[in-house]
Amino acid sequence: MTSLNRFPFASSAAELLVALRKGDITSEDLVTAALAQIQTYDRHVGAFLSIRGEKALDEAREIDRRRTQGDKLGPLAGLPVAVKDNLCTQGEPTTCASRMLANFIPPYDATVVARLKAADAIIIGKTNLDEFAMGGSTETSAFQKTRNPWDLERIPGGSSGGAAACVAARMVPLSVGSDTGGSIRQPAALCGVTGLKPTYGRVSRFGLVAFASSLDQIGPLAQTVEDCALLLEVLAGHDSRDATSINRPVPPYRELLLQQPEKVRIGYVPEMLSDGISPDVVRTMEEAIDVFRSLGAAIQEVSLPHARYAVATYYIIACSEASSNLARYDGVHYGYRTDEKAMLAELAEERRRLQQEGNLAALEDLDTALVRLYRKTRAEGFGAEVKRRIMLGTYALSAGYYDAYYLKALKVRRLIRQDYDRAFETVDMILGPVTPGPAFRIGEKINDPLAMYLFDLFTVSANLAGIPALAFPAGLSAEGLPIGLQLQGPPLSEERLLQVGHMFQRVTDWHRRRPPLIENNGPLS
Amino acid sequence: MTLTRQEIEKVALLARLILTPEEVEEMTGQLGRVLEYMALLNEVKTEGVEPLAHAVEFANVFRDDQVEKSLDREVALANAPHRDEECYLVPAVLGDV
Amino acid sequence: MNTSDTPYRIVIGLEVHVQLLTESKLFCGCSTKFGAPPNTQTCPVCIGMPGVLPVMNRKALELAVKTGLALNCEIARFSKWDRKNYYYPDLPKGYQISQYDLPICRGGYLEIPTENGEETRRIGIIRVHLEEDAGKSMHDEKAGRADSRIDLNRAGTPLLEIVTKPDLRSPTEAKTFLTELKLLLNYLEVSDCNMQEGSLRVDANINLHIPTGDGKYVATPIVEVKNMNSFRAVERALTYEAQRQYEAFLETGHKLGDVPKQTRGWDEDAQITRPQRSKEESSDYRYFPEPDLVPVTITEEELERIRATLGELPAEIRRRLQATYRITAYDSDVIVNQGRAFVDYYCSLAEGCGDGKMAANWAQQDVLRTLNERQWTIAQFPVSADNLAELLRKVRAGELDTAKARMVFAEMVERRCSAADAIQRLGIVQVDEGELRRLCEELIATNPRVVAEVKAGKDKAIGSLVGQAKKRNPNVNPARVKEICLELIQGQS
């Protein structure tokens, strides 16, 4: 299979597994090809923060050796996988795309990383993200911008921008991301790949650097629904180290794809297709509805009356939790620390100045050395968006504002959850847009946080409600940019969402479309 | 909802951040606009609604009281920015901070 | 200090933190053992490294519930965890996992003995909740070091915070409360309450009610006193602080509400309290529900199961000892304070010798003294309650006098043998009752003058008979000789 050798990731992970098993290709071939593809395109795309090169090749050779020997191998044996850089990897840098953790080396693996290793997957490298996963464009990364392979002037989405871009650029067949308010689904949609945010608790969060603990969830990104099913099977499952992990067996998601779901009732929310939504998105929705109808699904309107409050609710809760989760980055136990000598000199200088001015009140209020150490460390270690969110969350939790912001948001969160519960009494899942439009230009919204937040209006509800949602490519905009849709279902309905998504991909080819960048320049398949 | 510069300064201290005058200026405007947007929630009637803090509601997850191996001290301290043989080091902690 | 001695009434409430006797920490598997070299009992969870998650120790919950039941609290059927956010270098996550609005126990009281020893007083408990301990910041000022050193071994150790109502009326009563609480927690095997090792820590809120002469009173501002490192220090610090507040009131006239709540630290060397500096914003803890932990629910069956493990508690044991063995409140107090094993020893001894008062005297004087001298626990004590009871029965029967019995006791301790063996080893020949009676009859017959004197009311004359008896047989019990002779002489009339 020379074509596979030269450009293997035109094939899906499922197809590659078959080729590996048959001996048509080796894991070393795959890793070599992945590294070559990264070498060629990542200087344009910027998806990876670190690449495991030789280590990955060694592991691949070891898998090939074991395969030749006839050893029993894990379900992802020999497949290259990319891991978002907010998932801890023992002995290897885990930066969260933050200056704060630039040199942090965890002495432990995230549970999902341990599971990938146990499944004999080859971790090829760690992908770029918005700093601490806070952002929707991967522009807040402290280290580099990631560009959308479909248009290098545009954002890949975020926060799992690197995770989606590396699949879109066919560098790897499988990629692991995290989704707190859309961070898997939104970049998947903007990069034309498939991504799933599982039910809260379905995948262990142990070792996922926390952004907002009650919303964070790890999930797969890949070209196809089938590959997402394959990867989810490895990622999901109970973990005694995560008290919020659900203790239920993991269904054989991939095998279940072969089962034709019974008559599916799919709902959609007409109000979501009104103001401010790109006509391309509306058209994509209408076409997809037709496809599902032609597949025998019953389509009906549903209502999510509190959906319009989701963004406000989400940002209050997410920022509140983040303000606490990020308190640990204080320069004492690990991570970045400000230059202590310079800090002490600065403080002494301030004290001298205040004494000269006779400003006793300010002198009294002057930071102690320790407080100033914290403040300088955090001011220098965090980027602007992280600081904004910490400020917002600290404010929302502070005395006098707690009830009006945080508590109020928790109550509205309940109402949002109840909307879904009610909707799922009449439909099996809800089809809707992932974003109001295709990928925007780099720099377009970076100085307007509110505009950036409002771009999340379709994705944050699933996180607030803790329900699973599958994003998949469903069209192209007039400019030729990918447009994704999502199916949201009740808790633990992953298998049905995957079945229905798979059904869609059997009769459409949006997920097979490749960005012009690699279509035009790359070695052809 | 408008924020004052003093409020921003106070929150920055609470969050152990320190802002330049330009950052204070910028934050005051940006966060003010975000908070204004969040006032949208005031139109939702929430009397009698139980707050939802966890996305999945279940209870009683425990571990048994068994000692597991701790990290070797060298490994525990390996990431510390400032340390001696045994401990993390910080500028003198005297009384309350 | 007695309230009647002072021109004011003292109002004290305590906040007590005790470390629970679990093997592992509250949210991770690291050991809680005291005294390990710095930073050798830590892991990614208690260091608060990125991405790690807490999982709750079941035993800690059980110990908390046990304490709540023993303190007569209402146990929450639903409780949850909250984060208390503040920055301190020994708090690696930047927040402490604690309980805010739904603590595990609410209400309740502890009965403490009063000064007269006979009555008890109920001190109200507001709440009991679980939380994790912080690490330790060490600063060696004398060595002139610019840095503080942080040891996280203690970080994550389970703590119980017990908050009393402001029911305590004197520094002495505060000390009594702490003594009683410590005893209770020792009995429950919830905590060893060792203040030297920091497994019990106390902060006190104190103010005064000063009568204004018209039947009303004025309250002084509440002060929180910290840094008290022993029960004695608590008593002294509060005594000092009460007087200081009175003098401050006379000087400034400040009443409750006139000034913000102050925190003062006890300076053991200077024996005074000093104001501690704290910024106003530092008290904004921004509590919110801990998203990494799920709530805790407790069923009636679980409560009953834990209730069944409580055992008999100190106050009940004191009452039982007084009623069953007819001993004083003081005696029962001394015995109960020695712990459950000592109480069991005492009860066996009292049952075995048939005299509770005698058993109490021996237990408190001879047994306790030996334990203290040799640094033994009652479990290590070589004389079983049965063996000691055998000895005491001989004393009661008049076979041994107290002086001899003490020699026998010492021999039993040394040789780890029974009373009979010890008596034999010491060569003490016991005179049996029949032989003793014959000797007395002989003496009465041969000493008519003495008998006449006794009959005439000169009881002292009997001493001559006792002296002669001892000369004839050094092993006789003089007290018994005296008794028998008197009995025989009176029988003659």
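To keep things clear, this report deals only with the structure shown in the data block.

Conventions used here
- Residues numbered from 1 in each chain as written.
- Chains lettered and ligands numbered in written order.
- Predicted model: local features only at pLDDT ≥ 70, side-chain atom pairs only at ≥ 80, totals over all residues.
- Contact = placed C-beta atoms within 7 Å.
- Helix = DSSP H or I, 4+ residues; strand = E, 2+ residues; numbered from the N terminus.
- Nonpolar A, V, L, I, M, F, W, Y, C, P; charged D, E, K, R; others polar.
- Buried ≥ 20, exposed ≤ 12 C-beta atoms within 10 Å, placed from the backbone.
- Pairing = 2+ DSSP bridges.
- Axes fitted to C-alpha atoms, helices over the stretch in contact; angles between N-to-C directions.
- Parallel < 35°, antiparallel > 145°, perpendicular 65-115°, else oblique.

Chain A puts 57 residues into the contact, and the matching count from chain B is 40 residues. When contributions to the side of chain A that touches chain B are tallied by element, the ones reaching two or more residues are helix H11 (310-325), helix H14 (369-381), helix H15 (384-397), helix H16 (403-423) and helix H17 (449-454) of chain A. Along the lines of polarity and charge, the residues of the side of chain A that touches chain B split into 32 nonpolar, 13 polar and 12 charged.

A few words now on unusual backbone geometry. Trans peptide bonds make up the majority, and among non-glycine residues the majority have a negative phi. Look at the link from Gly 158 of chain A to Ser 159 of chain A: it is a cis peptide, with omega at 10°. Counting through the fold element by element, Ser 159 of chain A comes out in the loop between strand E3 (122-127) and helix H6 (161-168). Positive phi, normally seen in glycine, also occurs at Arg 326 of chain C, with a value near 55°. Residue placement: Arg 326 of chain C occurs in the loop between helix H6 (314-325) and helix H7 (329-337). Accessibility expressed as a C-beta count within 10 Å gives 13 for Arg 326 of chain C, which makes it partly exposed.

All names here are of chain A. Spatially, E1-E3-E2-E4-E6-E5-E10-E11-E9-E7-E8 is the arrangement adopted by the 11 strands of the open sheet, whose pairing is mixed. This sheet does not close on itself; its edge strands, each paired only once, are strand E1 (48-51) and strand E8 (298-301). Looking at each pair of strands side by side, their axes are set apart by 30° on average, direction ignored. Here E1 runs beside E3; their pairing, made up of three bridges, is antiparallel. Within E3, the position partnered with Phe 48 by the bridge is Thr 127. Running over the sheet, helix H4 (residues 53-69) touches E1, strand E2 (80-84) and E3 and is turned about 155° from E3.

A word on the interface of chain C and chain A. Counting from both sides, the interface comprises 26 residues of chain C and, opposite them, 35 residues of chain A. Secondary-structure elements contributing two or more residues to the side of chain C that touches chain A are helix H1 (44-47) and strand E5 (82-85) of chain C.

Any two packed helices are characterised by how steeply their axes cross, that is the angle between the axes, and by the distance between the axes. All names here are of chain A. Relative to each other, helix H8 (residues 225-235) and helix H19 (residues 494-507) sit at 155°, their axes nearing to 8 Å. Here H19 runs roughly antiparallel to H8, going by the angle between their axes. Contacts from Val 225, Glu 226, Cys 228, Ala 229 and Leu 232 in H8 reach Glu 494, Leu 498, Gly 501, His 502 and Gln 505 in H19.

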